[in-house]
Amino acid sequence: MLRDITLGQYYSTESLIHKLDPRVKLWGTCFYIISLFCFKNFVGYLVAMLFLALVIRLSKVPFRFMVKGMKSIVFLLLITVGFNLFLTPGTPVVSLWKLKITWEGIVLASTMALRLSLLIISSSVMTLTTTPNNLTDGMEKMMGPLKLFKLPVHEVAMMMSIALRFIPILLEETDKIMKAQIARGADFESGNLFKRAKAMVPLLVPLFISAFRRANDLAMAMEARCYRGGEGRTKMKPLIYKKQDYLAYAGLLIYFVVSVALGRMTF
Amino acid sequence: MSIILDHINYIYGEDTTTPVHALKDICLQIQDGEFVGIIGHTGSGKSTLMQHLNGLVRATGGHIYYNGEDIYDRDYDMKKLRSKVGLVFQYPEHQLFEIDVFSDVCFGPKNLGLDRKETELRAYDALRKVGLPNELFYQSPFELSGGQKRRVAIAGVLAMKPEVLILDEPTAGLDPKGRDEILQQVKKLQTETGMTILLVSHSMEDVAEYVDRIIVMNDGSVLLEGAPRDVFSHYEELEAVGLAAPQVTYILNEFRKNGLDVDTSAITIGEAAQEIARALHR
Ligand SMILES: Nc1ncnc2c1ncn2[C@@H]1O[C@H](COP(=O)(O)OP(=O)(O)OP(=O)(O)O)[C@@H](O)[C@H]1O
Ligand SMILES: [Mg+2]
């Protein structure tokens, strides 16, 4: 029922991309997104698309999983495209009643759509190929220097990994409670907005109670095992760069330079 | 009037990398007014099977007929089915949400569209049937003990007056006294109202005394099926799949092996004691 949310879900398989250090993938996604905002022509986007296609190919994740993540932003995408299409001033191409579609509008709308789609798909690639734990480990390591500014980096990373860990558990719990209430005749699907919001009460109350109970149990279990925060804590599997990671960084650099150079050229 | 399962298959997560074939080609028939026990070890597919019976989970293959009608027919009224086949989930206390016990039990009948008077009558009746003391009716359900919560949850389903009541491990985590009380009340329901009852359990002892028929599940399929005595006579097969027959079956079989001529089909302690006494006096 609730299982089709891919953004932030790991697809387990063996591939080159899966084996990369999470820091490579995080920086890679960062720079990929930055590159998307540097382009001034379509050649840049073409390079970006090819690069992403290559990465997806290497990751061995079926393409339909990437597209699943897109579903959640279809609405946003439509609004963006709509506004850009109709509200950009310039030379008109078609005019329908009071609405004008301009050449500039078409260009802007398609760039926007491309940019948004690539952005979502590229971050999906990262989350589909990296386990949540690896991801937070990578982030913790990357944010390490911020400790100098008294930022509780370890605690933030721990909170994030716990939150991520709880998502599937809570989804499962939601599914279970939903089924139990449907078995008692609850109706979550029909009725107007107000009625549907009211129908959520039998779902949300038990869900919150169980979330609090779980959080409480977890805190207890962590304390029982002497967890006391990040100071002086070592890792069982520390992150260490390997040869493939340096190669990936090199590939990334080449992509970035080439795509931005081509993307900002005027023909 | 019966429930018929015709070659039911179910696969969890069909489009993921790790599909789980939870039910494999299940064919069963459940008669009206029967008390059926379903046993099987953890992960054998009991809960999954039970969720098929009221249409909460749709089989990947096969058909289910309730009173002769295919519940997967496009114009079959699922809501009606759910009011006829009441399902009490494993750990049902996690579904309580109202401010007091009584209103929580009213939730089911209210969803059936009954008027207030009928709803309250049914809720009161259901709470009495599960043996909850009157002074707890207006307490918050979250302040009750585990066993009391369990009763409230069962009452919540009973109040819908189902024709078939499915209980998924109603006794898990209860003490022996609470367990016996709940099972006795369920048995009483069956004899008094003629309700069909399906009871899921891990424990043979639980079901041996009460049920008419036992279905043993193993790894998604039906391993054995029949009256308790017949099923327990296959105690070696049961052991091979990680289940056990009641203790008395073992004791009687030991007696027999050592030369005492006892009938090994007794399933309760009382019956076994009588049987041993009879054999010794001869
Ligand atoms: N929501 C789910 N997603 C994926 N697999 C599931 C899900 N629920 C159950 N399974 C799998 O289906 C199989 C049968 O599970 P089921 O809950 O029906 O077992 P059970 O017999 O009720 O076990 P228990 O005695 O522990 O309650 C198990 O292998 C389980 O891992
Ligand atoms: Mg179960």
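Check the entry above for the structure.
For clarity, every value in this text was computed on a predicted model and none was experimentally measured.

J.: Even after reading the chapter, I still don't get the coordination of the magnesium ion (ligand 2), so can you show me in this structure?
T.: Six octahedral donors around a metal ideally subtend angles of 90 or 180 degrees, whereas four tetrahedral donors ideally subtend 109.5 degrees. Residues and elements named next belong to chain B. Ligation of the magnesium ion (ligand 2) by protein atoms is provided by S47 (OG) and Q90 (OE1), these donors lying 1.8 to 2.4 Å from the ion. One end of the pair, S47, is in helix α1 (residues 46-53); the other, Q90, is in the loop between β6 (85-88) and α3 (101-111), and 43 residues separate them in sequence. Given a relative accessible area of 21%, S47 falls into the partly exposed group.

J.: Would you explain the sheet that holds strand β1 (residues 2-12) of chain B in this entry?
T.: Hydrogen bonds along the backbone pair up the strands of a sheet, which may run parallel or antiparallel. Residue and element names in this part refer to chain B. With antiparallel pairing, 4 strands are arranged side by side in an open sheet as β2-β1-β4-β5. The open sheet is flanked by β2 (20-31) and β5 (69-70), the only strands paired with a single partner. Pairing geometry for strand β4 (residues 61-66) and β5, over 2 bridges, is antiparallel. By the bridge assignment for β5, Y65 is matched with D70.

J.: Would you explain helix α6 (residues 176-193) of chain B in this entry?
T.: An α-helical turn contains 3.6 residues, so any two residues separated by three or four positions project in the same direction. Residues and elements named next belong to chain B. Its 18 residues give α6 an end-to-end C-alpha distance of 26 Å, which sits within 8% of 26 Å, the value for a rise of 1.5 Å per residue. Among the residues making up α6, those that are buried are G178, I182, L183, V186, L189 and Q190. Relative to the axis of α6, the buried residues are bounded by an arc of 125 degrees and lie together on one face. Projecting away from the buried face of α6 at angles above 90 degrees are the exposed residues P176, K177, T191 and E192. For α6, the secondary structure elements touched by its buried residues are β3 (35-39), α4 (116-129), α5 (146-158), β7 (164-168), β8 (196-201) and α7 (204-208). Among the residues trailing α6, G194 stands out with phi positive, at a value near 70 degrees.

J.: Please explain the sheet that holds β7 of chain B as it appears in this structure.
T.: All names here are of chain B. Judged by pairing direction, the sheet is mixed, and its 6 strands sit side by side in the order β6-β7-β8-β3-β9-β10 without closing on themselves. Each of the sheet's edge strands pairs with one partner strand only, and the pair in question is β6 and β10 (221-226). Ignoring which end each strand starts from, the neighbouring axes of this sheet average 15 degrees apart. Where strand β9 (residues 213-218) and β10 come together, 5 bridges link them in antiparallel fashion. The residue bridging M217 from the neighbouring strand is V222, located in β10.

J.: Please explain the packing of helix α10 (residues 247-257) of chain B against helix α11 (residues 269-281) of chain B as it appears in this structure.
T.: In a packed pair of helices, the relevant descriptors are the angle between the two axes and the axis-to-axis distance. Residue and element names in this part refer to chain B. Between α10 and α11, the least distance of the axes is 10 Å, while the angle of their chain directions is 15 degrees. As far as their axial angle goes, α11 and α10 are roughly parallel. The element α10 and its partner α11 pack so that their crossing is left-handed. Mapping the contact onto sequence places V248, L252 and F255 in α10 and I269, A272 and I276 in α11.

J.: Would you mind going over the site of ligand 1 with me for this structure?
T.: As a structural note, the neighbourhood of ligand 1 is formed by 15 residues, with G43, K46, S47, T48 and Q90 of chain B the closest of them. At ligand 1, the nearby residues belong to more than one chain, namely chains A and B. One nitrogen or oxygen atom from the main chain of S44 of chain B is found 3.2 Å from an oxygen atom belonging to ligand 1. T48 of chain B places a side-chain nitrogen or oxygen 2.5 Å from an oxygen atom of ligand 1. Calculation on ligand 1 without its partners gives an accessible area of 630 Å², and the protein chains cover 68% of this total. Of all the secondary-structure elements, those providing two or more residues to the shell around ligand 1 are β2 and α1 of chain B. Sorting elements by how many residues they give to the shell around ligand 1 places α1 of chain B first, with 3 residues. Its residues assigned to classes, the shell around ligand 1 comprises 3 nonpolar, 9 polar and 3 charged.

Rules and cut-offs
- Residues numbered from 1 in each chain as written.
- Chains lettered and ligands numbered in written order.
- Predicted model: local features only at pLDDT ≥ 70, side-chain atom pairs only at ≥ 80, totals over all residues.
- Heavy atoms only, no water.
- Donors = N, O, S within 2.8 Å, 3.2 Å for Na, K, Ca; no water.
- Helix = DSSP H or I, 4+ residues; strand = E, 2+ residues; numbered from the N terminus.
- Buried < 20%, exposed > 50% of the residue type's maximum accessible area, 1.4 Å probe, protein only.
- Pairing = 2+ DSSP bridges.
- Expected span 1.5 Å × (residues − 1).
- Arc of directions from axis to C-beta.
- Contact = heavy atoms within 4.5 Å.
- Axes fitted to C-alpha atoms, helices over the stretch in contact; angles between N-to-C directions.
- Parallel < 35°, antiparallel > 145°, perpendicular 65-115°, else oblique.
- Left-handed = near helix turned anticlockwise from the far one by under 90°.
- Near = heavy atom within 4 Å.
- Polar contact = N/O pair within 3.5 Å; in protein donor to acceptor, adjacent residues only side chain to side chain.
- Areas by Shrake-Rupley, 256 points an atom, 1.4 Å probe, with all protein chains shown as cover.
- Nonpolar A, V, L, I, M, F, W, Y, C, P; charged D, E, K, R; others polar.

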